[in-house]
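A look at the structure
Residues per chain, in single letters:
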Amino acid sequence: MVARTIIAQYVKEMRKKYKLTQVDLSEKAGVGLRFVRELE
């Protein structure tokens, strides 16, 4: 499950770098908020 941890870290870091909330990211990516929360 190391790959999942790396992906989750990357997504969270990039989201914060671009000053996006989880809601912003879910809307821009066209996925549900729950998906973003579970991913991170």
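Residues numbered from 1 in each chain as written. Predicted model: local features only at pLDDT ≥ 70, side-chain atom pairs only at ≥ 80, totals over all residues. Heavy atoms only, no water.

**Regarding the pattern of salt bridges**
This is how the line gets drawn: Just to be clear on terms, a salt bridge is a Lys or Arg side-chain nitrogen sitting within 4 Å of an Asp or Glu carboxyl oxygen. Where helices and strands are cited, they refer to DSSP runs of H or I of at least four residues and of E of at least two residues respectively, numbered from the N terminus. Note on classification: 1.4 Å probe, protein chains only; a residue is buried when its accessible area is under 20% of the maximum for its type, exposed when over 50%, partly exposed between these limits.
Inspection of the entire model under this criterion finds 2 salt bridges. Among the ionic pairs, Arg 15 bridges to Glu 40, the shortest N-O distance being 2.6 Å. Within this pair, whereas Arg 15 is found in helix α1 (residues 2-17), its partner Glu 40 is found in the segment after α3 (33-39), the two being separated by 25 residues in sequence. The exposure class assigned to Arg 15 is buried, which follows from its relative accessible area of 10%.

**Remarks on the confidence of the model for the chain**
In plain terms, the rule: Values of pLDDT, ranging from 0 to 100, describe the predictor's confidence in every residue of the model.
Within the chain, residue pLDDT values average 95, and 100% of them lie at 70 or more. Within the chain, no element has a lower average pLDDT than α1, which sits at 94, and none a higher one than helix α2 (residues 22-29), at 98.

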